[in-house]
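# Descriptive structure summary
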Amino acid sequence: MSVSKSDAATIQNTEDIVRLRQRVRDLMKNEGFSLVDQTKMVTAASELARNALVYGGGGAVLVEVLKEDNGRTGLRLIFEDHGPGIADIDQALTDGFTTGNGLGLGLGGSKRLTNEFLIDSSPGAGTRITVTRWM
Amino acid sequence: MIKINKKISEILTQHKNEIFEDWLSGQLASVSLRLDLVSETELRRQSQEFLNLFVTASLSSNLQDINTPEWDGVREYLTSITYSRARQGFSPTEIATFVLSLKHPLFSHLRELSGVNSNDLIDMIWTATFLIDKLALLSIENYQRGREEIIKRQQQELLELSTPVVKAWDGVLILPLIGTLDSARTQIVMESLLQSILDTGSAIAIIDITGVISVDTLVAQHLLKTMAAAKLMGAQCIISGIRPQIAQTMVHLGVGFGEVATKASLADALAESFKRLGLAVIKPQARG
Ligand SMILES: Nc1ncnc2c1ncn2[C@@H]1O[C@H](COP(=O)(O)OP(=O)(O)OP(=O)(O)O)[C@@H](O)[C@H]1O
Ligand SMILES: [Mg+2]
């Protein structure tokens, strides 16, 4: 597997989230992802970026287009923040759990909207979430 | 320093006309010339005006700090040119070149001075360079500010453009949502819908999301809150135009619209509203 395209962006305000959604959509459209795939990934991107902004105090995202040897294409997003981290990941993933004013669906929803979902977080060390959607 | 400053302003005053002509022909020959955006007459006028102010300010024998009152005129004029150029679509390089290209004609005249030792000449060039660079940086900053203002204004216009609450029928409002909904816009749109419900006393509000690209938890939350508020005001909401990819995404995300009626198309939603209001659409009888 190789990374055929990659770029990084900061997540410091809501405009950055709007830009990321557009970036993800454009990239996936160019790679030939279906409208459903695009919409799912754009929505997951929106959720994870907003979490990084709201709970992580801002962060960064790495966008990667992946090519597997068998020709399969994927889009990977790696979100990183240096906020308080998540103490209980299972609890955070539970639908309806929120420490803010949200619906508590963003994290669990993103997991269901993507093919691969990985959380790396510990209190005080920040949070890194990697999601991938394959064509 | 005073000696150096004096010398520079003397040269500027004495050779103003030659410096002006050299500067102008330099600008006209430059690759960053934009005659498509600014005419030669206009460029001549702007350059003349700027140089006049520049020479006058230099007489103050302060060439070190452009933030002093002596330089007010120069700063203001430069700002006004930069703003108008930013609006016209000049690039930052083209903007900075206007001031920076003054260096060459000025330095040529400094070199032609007789009876100046090389130390003084270097000091003079250093002083002039520093001064002109500061003005160039100022114009870049202003350019940036000008562009940001344009973007802000456009965003504002867009906000206003995209919040059209339409009255479809007596008692029926339609809010067509379009594009990516960031939280600022969604908030405004929703508020304008509630206000219209109040103003018109409408019983039914149709929120059409055919043009929406994605519905995430924040957008869903805004919609849910608006529908709850509308209900308190005595109005019912109908959501129409949930496209297949959005419906699928919402199911995975786990958000739903609860008991609120959803219709595939705006036409269906309108038909539903008529039904609820006890209205029927009837084809007039063909006349014989
Ligand atoms: N990057 C992060 N850093 C720290 N805590 C986080 C982060 N992301 C999520 N959390 C925690 O996990 C909880 C659940 O997140 P989730 O996105 O599922 O819901 P929410 O953001 O509260 O609401 P919603 O996303 O539905 O609007 C959050 O309330 C927060 O406490
Ligand atoms: Mg969230």
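For clarity, every value in this text was computed on a predicted model and none was experimentally measured.

Let us now look at the overall build of chain A. Helix and strand counts for chain A come out as 4 helices and 5 strands. Moving toward the C terminus, one meets the helices and strands of chain A in the order β-α-α-β-β-α-α-β-β. For chain A, the proportion of its 135 residues judged to be buried stands at 50%. Contacts in chain A between residues at least 24 apart in sequence constitute 64% of all its contacts with a sequence separation of at least 6. Of the roughly 6200 Å² of accessible surface on chain A, a fraction of 49% belongs to carbon and sulfur atoms.

The next subject is the pattern of salt bridges. Within this structure, the stated rule accounts for 24 salt bridges over all chains. One salt bridge connects Lys67 of chain A with Glu31 of chain A, and the closest N-O pair in it is separated by 2.9 Å. Highlighted residues: Lys67 of chain A in strand E2 (residues 59-67) and Glu31 of chain A in helix H1 (residues 14-31), separated in sequence by 36 residues. Judged by relative accessible area, Lys67 of chain A falls into the partly exposed class, the value being 28%. Close ionic contact of Arg44 of chain B with Glu21 of chain B constitutes a salt bridge, the shortest N to O distance being 3.6 Å. On the criterion of sequence distance, the pair formed by Arg44 of chain B in helix H3 (residues 40-58) and Glu21 of chain B in helix H2 (residues 16-29) is long-range, its members being 23 residues apart.

With that settled, the discussion passes to the confidence of the model for chain B. With 94% of its residues at a pLDDT of 70 or more, chain B has an overall mean of 89. Confidence metrics for the complex model read pTM 0.68 and ipTM 0.91.

Our focus in this paragraph is the site of ligand 1. Every one of the 19 residues lining ligand 1 counts as a neighbour, but Asn51, Tyr55, Thr98, Thr99 and Leu107 of chain A are closest to it. Nearby residues around ligand 1 are contributed by chains A and B. In this structure, an oxygen atom belonging to ligand 1 sits 3.4 Å away from a side-chain N or O atom of Glu47 of chain A. Contact distances for ligand 1 include 3.2 Å between an oxygen atom and a backbone N or O atom of Gly106 of chain A. Protein burial of ligand 1: of its 600 Å² of free accessible surface, 93% is covered by the chains. Looking at side-chain class alone, the shell around ligand 1 contains 7 nonpolar, 10 polar and 2 charged residues.

Glancing now at the packing of aromatic side chains. All names here are of chain B. Summed over the entire model, instances satisfying the criterion amount to 7 aromatic pairs over all chains. Ring plane angle 45 degrees and centroid distance 5.1 Å describe the contact between Trp23 and Phe98, whose orientation is recorded as tilted. Highlighted residues: Trp23 in helix H2 and Phe98 in helix H5 (residues 92-100), separated in sequence by 75 residues. For the pair Trp23 and Phe98, one class covers both residues: buried. Note on Phe54 and Trp71: the rings are 5.7 Å apart at their centroids and 70 degrees apart in plane angle, and the pair reads as edge-to-face. Of this pair, Phe54 sits in helix H3 while Trp71 sits in the loop between H3 and helix H4 (72-88), and the two are 17 residues apart along the sequence. We note that Phe54, like Trp71, is buried. Following the ring pairs from residue to residue traces out a cluster consisting of Trp23, Phe50, Phe54, Trp71 and Phe98.

Consecutive side chains of a regular strand alternate in pointing toward one face of the sheet and then the other. Residues and elements named next belong to chain B. Bridge analysis of strand E1 (residues 166-169) against strand E2 (residues 172-179) gives 3 bridges, and the strand direction is antiparallel. Across the sheet, the residue bridging to Trp169 is Val172, located in E2. Here E1 hands over to E2 after 2 residues, with Gly171 in that stretch at a positive phi of 90 degrees.

So, on to the sheet that holds strand E5 (residues 126-134) of chain A. All names here are of chain A. Ordered by their spatial adjacency, 5 strands build an open sheet running E1-E2-E3-E5-E4, and the pairing between neighbours is antiparallel. Because the sheet does not close on itself, it has two edges, and the strands there are strand E1 (2-11) and strand E4 (116-122). Within the sheet, the average angular offset between the axes of one strand and its neighbour, ignoring direction, is 10 degrees. Pairing analysis gives 9 bridges linking E2 to strand E3 (residues 73-81), with the strands arranged antiparallel. By the bridge assignment, Gly59 is partnered in E3 with Asp81. Taken strand by strand, helix H4 (residues 106-113) contacts E4 and E5, and its axis lies near 145 degrees from that of E4.

Criteria and cut-off values
Residues numbered from 1 in each chain as written. Chains lettered and ligands numbered in written order. Predicted model: local features only at pLDDT ≥ 70, side-chain atom pairs only at ≥ 80, totals over all residues. Heavy atoms only, no water. Helix = DSSP H or I, 4+ residues; strand = E, 2+ residues; numbered from the N terminus. Buried < 20%, exposed > 50% of the residue type's maximum accessible area, 1.4 Å probe, protein only. Contact = heavy atoms within 4.5 Å. Areas by Shrake-Rupley, 256 points an atom, 1.4 Å probe, with all protein chains shown as cover. Salt bridge = Lys/Arg side-chain N within 4 Å of Asp/Glu carboxyl O. pLDDT = per-residue confidence, 0-100. Near = heavy atom within 4 Å. Polar contact = N/O pair within 3.5 Å; in protein donor to acceptor, adjacent residues only side chain to side chain. Nonpolar A, V, L, I, M, F, W, Y, C, P; charged D, E, K, R; others polar. Phe/Tyr/Trp six-rings, centres within 6.5 Å; stacked < 30°, edge-to-face > 60°. Pairing = 2+ DSSP bridges. Axes fitted to C-alpha atoms, helices over the stretch in contact; angles between N-to-C directions.

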